[in-house]
Amino acid sequence: MAEIQLDGIWKRYPDGFEAVKNMDLTINDGEFMILVGPSGCGKSTALRMIAGLEDITEGDLLIGGERVNDLEPRDRDIAMVFQNYALYPHMSVRDNMGFALKLAKVPNSEINSKVEEAAKILDLTQHLERKPANLSGGQRQRVAMGRAIVRDPKSFLMDEPLSNLDAKLRVQMRTEVARIQSRLNVTTVYVTHDQTEALTLGDRVAVMRAGIIQQVDHPKVLYDDPLNLFVAGFIGSPSMNFLPGRLEGETIRLPFGDVPIPHRLRSKLKASGGAQDIIAGMRPEHFEDAAIEGDVPGLLKFRAKVAVVESMGSELYAYFDVETKVGDSAELAELAKDAGLEDLPTHGSGDQTQVVARLDAASKAAAGEEIDLVLETEEIKLFDPGTGKSLTAG
Amino acid sequence: MEAATVAQPRAARRKKGKKATGEPKTPWWLWIVVAGIVLFCLFPFYWMLNISLKSGPDLSSADLLPPNPTLKNYESIFKDSNFTNGLRNSAIVALTTTFLSVVFGSFAAYTLARLKVPKKFWILALILSVSTFPGISIAAPLFKLWTDIGLYNTLIGLIIPNLAFALPLTIYILTSFFREIPKDLEEAALVDGATRFQAFYKVVVPLAAPGMATAAILTFIAAWNEFLFAITLTSSQAARTVPASIAFFTGSTQFEQPLGTISAASVVISIPLIIMVLLFQKRIVAGLTAGAVKG
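> Explain the sheet that holds strand β8 (residues 187-192) of chain A to me, and be specific about the residues and the numbers.
Residues and elements named next belong to chain A. Spatial strand order, β6-β7-β8-β3-β9-β10: six strands in an open sheet with mixed pairing. Here the strands that pair on one side only, and so sit at the sheet edges, are β6 (78-81) and β10 (212-217). Each strand axis lies, on average, 15° off the axis of its neighbour in the sheet, ignoring direction. The strands touched by helix α4 (residues 137-149) within the sheet are β6 and β7 (155-159), with β6 carrying the most contacts at an inclination of about 175°.

> Describe the packing of helix α5 (residues 120-130) of chain B against helix α7 (residues 155-180) of chain B, listing the residues and the values that go with them.
Residues and elements named next belong to chain B. Close contact between α5 and α7 brings their axes to 7 Å; oriented N to C, the two are set at 140°. Put simply, α5 runs oblique to α7. Crossing of α5 against α7: the hand is left-handed. Residues Leu-124, Ile-127, Leu-128 and Val-130 of α5 touch α7, and the partners they reach there are Ala-164, Phe-165, Pro-168, Ile-171, Tyr-172, Thr-175 and Arg-179. Residue composition of the contact of α5 with α7, grouped by class: nine nonpolar, one polar and one charged.

> Now, about the pairing of strand β9 (residues 204-209) of chain A: what can you tell me, with residues and values included?
Residues and elements named next belong to chain A. The element β9 is extensively covered by neighbouring structure, given that six of its six residues are classed as buried. Here β9 shows no split at all, with Arg-204, Ala-206 and Met-208 on one side and Val-205, Val-207 and Arg-209 on the other all buried. Pairing of strand β3 (residues 32-36) with β9, which is carried by four bridges, proceeds in the parallel orientation. In the strand pairing of β9, Val-36 is matched with Val-207. Sheet topology note: the β9/β10 ladder contains five bridges and is antiparallel.

Basis of the calculations
- Residues numbered from 1 in each chain as written.
- Chains lettered and ligands numbered in written order.
- Predicted model: local features only at pLDDT ≥ 70, side-chain atom pairs only at ≥ 80, totals over all residues.
- Heavy atoms only, no water.
- Pairing = 2+ DSSP bridges.
- Helix = DSSP H or I, 4+ residues; strand = E, 2+ residues; numbered from the N terminus.
- Axes fitted to C-alpha atoms, helices over the stretch in contact; angles between N-to-C directions.
- Contact = heavy atoms within 4.5 Å.
- Parallel < 35°, antiparallel > 145°, perpendicular 65-115°, else oblique.
- Left-handed = near helix turned anticlockwise from the far one by under 90°.
- Nonpolar A, V, L, I, M, F, W, Y, C, P; charged D, E, K, R; others polar.
- Buried < 20%, exposed > 50% of the residue type's maximum accessible area, 1.4 Å probe, protein only.

The structure is reproduced here in structure tokens:
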């Protein structure tokens, strides 16, 4: 049990590439911290630096208050779960799980009882004598978890542990991981590129991009109050819709209508004053079919021609295009490329931006037909198109 | 006309089907060629065996089967200290060379495959270039040096040059084997509390065992058969290995060629190699191609 503290950590490779830039992060004792971001954002490098598998170029890493920059991995008392599990192919499941204890010269009887206890937690008891090659993907993943938990380490480090599993198993193991972590209450750092895993598992989530932490907070806060365009676009599925707009006095001009500035945002926007271009962010679930929602004040009603409808059973995703005449935002285009998020609007060539709305399953929306939609104006988020910073969060 | 148009696609289909099911049938003439090659390769060995079973005047006969087969030659070589000492020396030299070559070779190979070493490629190229040296070019200087420093006519004096020529191949084979072992496994071991060396011998070595076996077998065969250094660097039974000591066999009279005993000794020293190659044939081929492809 220990607190992990990253203090101005840098990772610079010999070729000058900076994978992690000035990372400050404190992971409290027993906390489940998620590092999330697109591939190449430095999250795995950060994890490997905590593990000691990668040298720290600059900054201090403290585990349990002790500076461990120069300690070998074996002296840091951490356990790691690798993306491809990294089970020792020539050892049985029992030996795999007991390997660390054996190296630590723990007596055999104690190793056996610890391994068997872990096997019971992970439902591996009947597989203890088998070799990893004869196990299914899910079983291998559990062995990798088991190898970590038998050691009773100060902290767990997990590097995309679920990404090699098929979709169904991944969801199952996700709850398993959460259950084990809360049961053992060990400080855990978990790296993933999957924002769903991040939101569901973490006590807190650190969103990274290009080696820089964008925002660290509870999943709910990240979702409701993203600090910048990147976090807003990365967290949530389907992603938040971004449309260019303009702030004029008391109204926000959006491509599909004018909206008075919501009460909630009024005080925050006072400071900026005057007229300015903005990017408005709207979550898909804040749209609704007007026929279902009815005429309630605070809703902006507009007509849209639905291009595609995806039915999820419990809900519908309706995609429609919106004419946008305001100049393109370099920030948005770069973000879309960087994050590999196709859902982000691309403003480059055409003057059309695709918007996705999450509608009730009862909606009559159909591809190629026009429909009345309403938008909850209270939930609109506003961003500065130049810096990408949120004008409304915080 | 109609029949022809129908028949054509069917014939085409049959041809296609044959291709899809795999190899075509081996033509009869290929078997004859194969038999010819096998005969060509194995005949000298058969002739050696044939001679080893003959004695006295039969030795000069050209019969395909020995007229009076006898094991007399085998009995006499095992009574000859020249041969038995040679056998002992050969075993010591070959086994020691093999052991040292695999131990040091695996250290070197691991370093080249995994650790941060500048100019790895050139180091490996330099190591490999050693094996292209013709042994004869260093035999004479080595003889001079060994006499000066007292290694002449000692087993160590034989092991050192054998090792020098065995290491490049061992390092080459093992480097490619080590490279194929996922890095994550070692990292997992490091995090699990292993030192670099423990990660190496508890995780990497067991997984590279096939490569080590290949390297060991090839080294053993080379050292066991080695003749040039054995004849140049030794002067007595104290250090002479079998291939060299066979050359010192004498006939019962000055005018008699010791053909029978030489053949018998050759058969005896071939046996361990034949058994080993047959047992580990797959390994040897796998090891060689692994080296070849990965380079």
